[in-house]
Amino acid sequence: MRHAAMFLTSALALASAAPAQQAPTVAPAARAHPAAWPAARSPAAITDAATEQAITALLARMTVEQKVGQVVQGDISSVTPADLARYPLGSILAGGNSGPYGDERADAATWAKLVQDYRAASLKAGAGVPILFGVDAVHGHSNVPGATIFPHNIGLGAANDPDLIEDIARITAEELIVSGHDWTFAPTIATPRDDRWGRTYEGYSESPEIVREYAERIVYGLQGRPDDEDFLGEGRVISSAKHYVGDGGTQDGIDQGETLATEQELIDIHAQGYFTALEAGVQTVMASFSSWWDQPMHGNEALLTDVLKDRLGFQGFVVGDWNGHGLIAGCTSTDCPDAFNAGMDMYMAPDSWRELYHSTLGHVRSGVISEARLD
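Because the structure is a prediction, the values reported are computed rather than measured.

Definitions and limits used
- Residues numbered from 1 in each chain as written.
- Predicted model: local features only at pLDDT ≥ 70, side-chain atom pairs only at ≥ 80, totals over all residues.
- Heavy atoms only, no water.
- Helix = DSSP H or I, 4+ residues; strand = E, 2+ residues; numbered from the N terminus.
- Buried < 20%, exposed > 50% of the residue type's maximum accessible area, 1.4 Å probe, protein only.
- Contact = heavy atoms within 4.5 Å.
- Areas by Shrake-Rupley, 256 points an atom, 1.4 Å probe, with all protein chains shown as cover.
- Lys, Arg positive; Asp, Glu negative; His and termini not counted.
- Charge placed at Lys NZ, Arg CZ, Asp CG, Glu CD.
- Pairing = 2+ DSSP bridges.
- Polar contact = N/O pair within 3.5 Å; in protein donor to acceptor, adjacent residues only side chain to side chain.
- Axes fitted to C-alpha atoms, helices over the stretch in contact; angles between N-to-C directions.
- Parallel < 35°, antiparallel > 145°, perpendicular 65-115°, else oblique.
- Left-handed = near helix turned anticlockwise from the far one by under 90°.
- Nonpolar A, V, L, I, M, F, W, Y, C, P; charged D, E, K, R; others polar.
- Phe/Tyr/Trp six-rings, centres within 6.5 Å; stacked < 30°, edge-to-face > 60°.
- Lys NZ or Arg CZ within 6 Å of the ring centre and 35° of its normal.

Caption draft 1: How the structure looks around the overall build of the protein. The helix and strand inventory of the protein stands at 13 helices and 11 strands. Along the first, second and third principal axes, the C-alpha atoms of the protein reach 80 × 50 × 45 Å. Burial analysis of the protein (375 residues in total) assigns 53% to the buried set. Considering only residue pairs separated by 6 or more positions, the protein has 72% of its internal contacts joining residues 24 or more positions apart. Just so you have it, the protein exposes about 16,800 Å², and 53% of that area is on carbon and sulfur atoms. Placing the 24 positive and 49 negative side-chain charges of the protein at their respective mean positions leaves the two points 3 Å apart.

Caption draft 2: Just the sheet that holds strand β2 (residues 91-94), in detail. Taken together, 5 strands build an open sheet; the order of strands is β4-β3-β2-β1-β11 and the sheet is parallel. Two strands close off the open sheet at either side, each with one partner strand: β4 (183-184) and β11 (347-348). Pairing of strand β1 (residues 72-75) with β2 involves 3 bridges; the strand directions are parallel. When the bridges of β2 are listed, Asp-75 appears paired with Leu-93.

Caption draft 3: Spotlight on the side chain of Gln-73. Residue position: Gln-73 is located in strand β1. Given the relative accessible area of 0%, Gln-73 is considered buried. A polar contact is formed between the side chain of Gln-73 and the side chain of Ser-91, at a distance of 2.8 Å.

Caption draft 4: The arrangement of the packing of helix α7 (residues 208-223) against helix α9 (residues 272-279) in detail. At a closest axis distance of 7 Å, the pairing of α7 and α9 adopts a crossing angle of 25 degrees. For the element pair α7 / α9, the angle class is roughly parallel. For the pair α7 and α9, the sense of crossing is right-handed. Contacts between α7 and α9 involve Pro-208, Val-211, Arg-212, Ala-215, Glu-216 and Val-219 on the former and, on the latter, Gln-272, Gly-273, Phe-275, Thr-276 and Ala-277. Residue classes in the contact of α7 with α9 are distributed as 6 nonpolar, 3 polar and 2 charged.

Caption draft 5: Region of the structure containing unusual backbone geometry. Here the bond from Ala-186 into Pro-187 is cis, since omega is 10 degrees, no more than 30 degrees from zero. You can see Pro-187 is positioned in the loop between β4 and α7. Along the chain, Lys-242 connects to His-243 via a cis peptide bond; the corresponding omega equals -5 degrees. Here His-243 is to be found in strand β5 (residues 240-244). The phi torsion at Asp-252 lies on the positive side, around 60 degrees, for a residue other than glycine. With respect to the element layout, Asp-252 can be found in the loop between β5 and β6 (258-259).

Caption draft 6: View of the packing of aromatic side chains. All chains considered together, the criterion is met by 9 aromatic pairs. A ring pair is formed by Tyr-87 and Tyr-357, whose centres lie 5.3 Å apart and whose planes are at 85 degrees; its orientation type is edge-to-face. With Tyr-87 in the loop between β1 and β2 and Tyr-357 in helix α12 (residues 353-366), this pair connects stretches of sequence that are 270 residues apart. For the pair Tyr-87 and Tyr-357, one class covers both residues: buried. Here a set of aromatic residues connected by ring pairs shows up, and it is made of Tyr-87, Trp-353 and Tyr-357. Lying over the aromatic face of Phe-340, Arg-373 brings its terminal NZ or CZ to 4.3 Å of the ring centre.

Caption draft 7: Structural detail: the sheet that holds β6. The 3 strands lie next to each other as β6-β8-β9, forming an open sheet whose pairing is mixed. The open sheet is flanked by β6 and β9 (295-296), the only strands paired with a single partner. Across 2 bridges, the pairing between strand β8 (residues 291-292) and β9 is antiparallel. The partner of Ser-291 across the bridge, within β9, is Pro-296.

Right under this line is the structure:
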């Protein structure tokens, strides 16, 4: 013990005598440069003239209240089908601890009945627009007893088998359809770079090349291929590439922290899966809880709109993460026009949806959110 104490004392003395290290240079608030990003093609919105005319006619007869409802998503733990008569929400999700009618061990038939209850109510309330029902099914339909559960993403990535991963996604889609679900918050295409990150197991690999190849094949398995007749047909579901962008690269692996990467590192390491997912026709992209430098992704207009929608040509819609809009300076989980104006198209507001609906409606009526943006 005496020798250990002497060693510790000497070490402390050396540390105190050593010259102080310079603090790392902190970049200013991140601003993306869209021209630096590779151009991409996003066949997410594959429609024809007749469909476009129907959409235009539908928008023309929808009220502002109905349109605002379409951009808000609530959780089954806090919204009932009866609520949709007054609040015509566009989507319902089931979080990890939410089960049909309070039963977290409900079977597929019970899930299907619940989804149908919401869907029937939404058709009456939202000018004939059915709700989208979202759930996390990232390595199988883990919400339902008896479903096929595959190894988690870190194990699937270790297999380095793109054919297998597409087949797994196809099976997951088929089992989601059986229980009435039509949207899964998958694939998770983070590129984990620090094993201290508690969600490292949700990433397929620290290798951008594997993530890039897997992202495309998972979207194909869930949705079908854009050029095939079964694209988004029977046995297929909507997929969501998440979490855009840089969630696997936060400083010291801190969850929901800051990704202190250069823009080129963001492109070369953390965005590779998005390029292929978009090309594969992914319908939705989920914004990340994390920030790029000091700017929360939910409010990063340069990355959500200028890069994702304009430069990369994304034709689907951006959904937020669990009250993630509330991370933006000046926002709360119940009031955040900045996220919507930055490019997020649907608020994930599990328990805040009611107040958020009212505040968003107020922002549209006052002009803070333009009706053109809402449309």
